[in-house]
Amino acid sequence: MTAKKTISVTVNGTVEVRTVEPRLLLSDFLRDTLDLTGTHVGCEHGICGACTIFLDGDSVRSCLTLAVQADGAEIVTVEGLGDADRLNFLQRKFREHHALQCGFCTPGMLISATDLLRKHSELSEAQVREGLSGNLCRCTGYEHIVRAVMAAAEEWDGEWNEATPRECTS
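Residues numbered from 1 in each chain as written. Predicted model: local features only at pLDDT ≥ 70, side-chain atom pairs only at ≥ 80, totals over all residues. Heavy atoms only, no water.

**Q** Explain unusual backbone geometry to me, and be specific about the residues and the numbers.
**A** One non-glycine residue with positive phi stands out, namely E44, at about 60°. The phi torsion at H98 lies on the positive side, around 55°, for a residue other than glycine. As for its position among the elements, H98 is in the loop between α2 (89–96) and α3 (106–119). For H98, a relative accessible area of 58% translates into the label exposed. (Helix = DSSP H or I, 4+ residues; strand = E, 2+ residues; numbered from the N terminus. Buried < 20%, exposed > 50% of the residue type's maximum accessible area, 1.4 Å probe, protein only.)

In structure tokens, the structure reads:
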């Protein structure tokens, strides 16, 4: 039997120190240990993108990452982007453009779209579609999601986690 390991991670700005099994997936750690259920678990093979989070600034599939691999890391989940009382800029664009239906894919879409916006000062529709191609949605047909990201790209100021970039109010 493998011994448990104590890890320390910063999740959405809060330092969390926990003792975990070495084979615990980061997605399960976030959901079951920290009660951050916004990170969804779909395929558990890294294909659907529902579990996408930021790990030290890079978007990663938390279902393919062990919690012990995140020791010392900074993690941002969808809960770290905004909340129901204070949606961030991209979340508001998703709402304005009706870019969600059931909402299962939405956390991963928001993280992936945020990553796109951070990495590209200008985005074409083709780049948005390519950038989101690793996130599966069974409800929307992607049109509204692409529109929301394109609208955000037109106004984005480069601050991925700010609630009110530029003069965007809602």
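**Q** Any details on the pattern of salt bridges? Residues and values, ideally.
**A** All told, the structure shown has 9 salt bridges when counted by the stated rule. One salt bridge connects K5 with D71, and the closest N-O pair in it is separated by 3.6 Å. Note that K5 is positioned in strand β1 (residues 5–11) and D71 in the loop between β4 (58–61) and β5 (74–76), a separation of 66 residues in sequence. Residue K5 is classed as partly exposed on the basis of its relative accessible area of 36%. Residue classification places D71 among the partly exposed residues on the basis of a relative accessible area of 36%. A salt bridge links K93 to E155, with the nearest nitrogen and oxygen atoms 2.9 Å apart. (Salt bridge = Lys/Arg side-chain N within 4 Å of Asp/Glu carboxyl O.)

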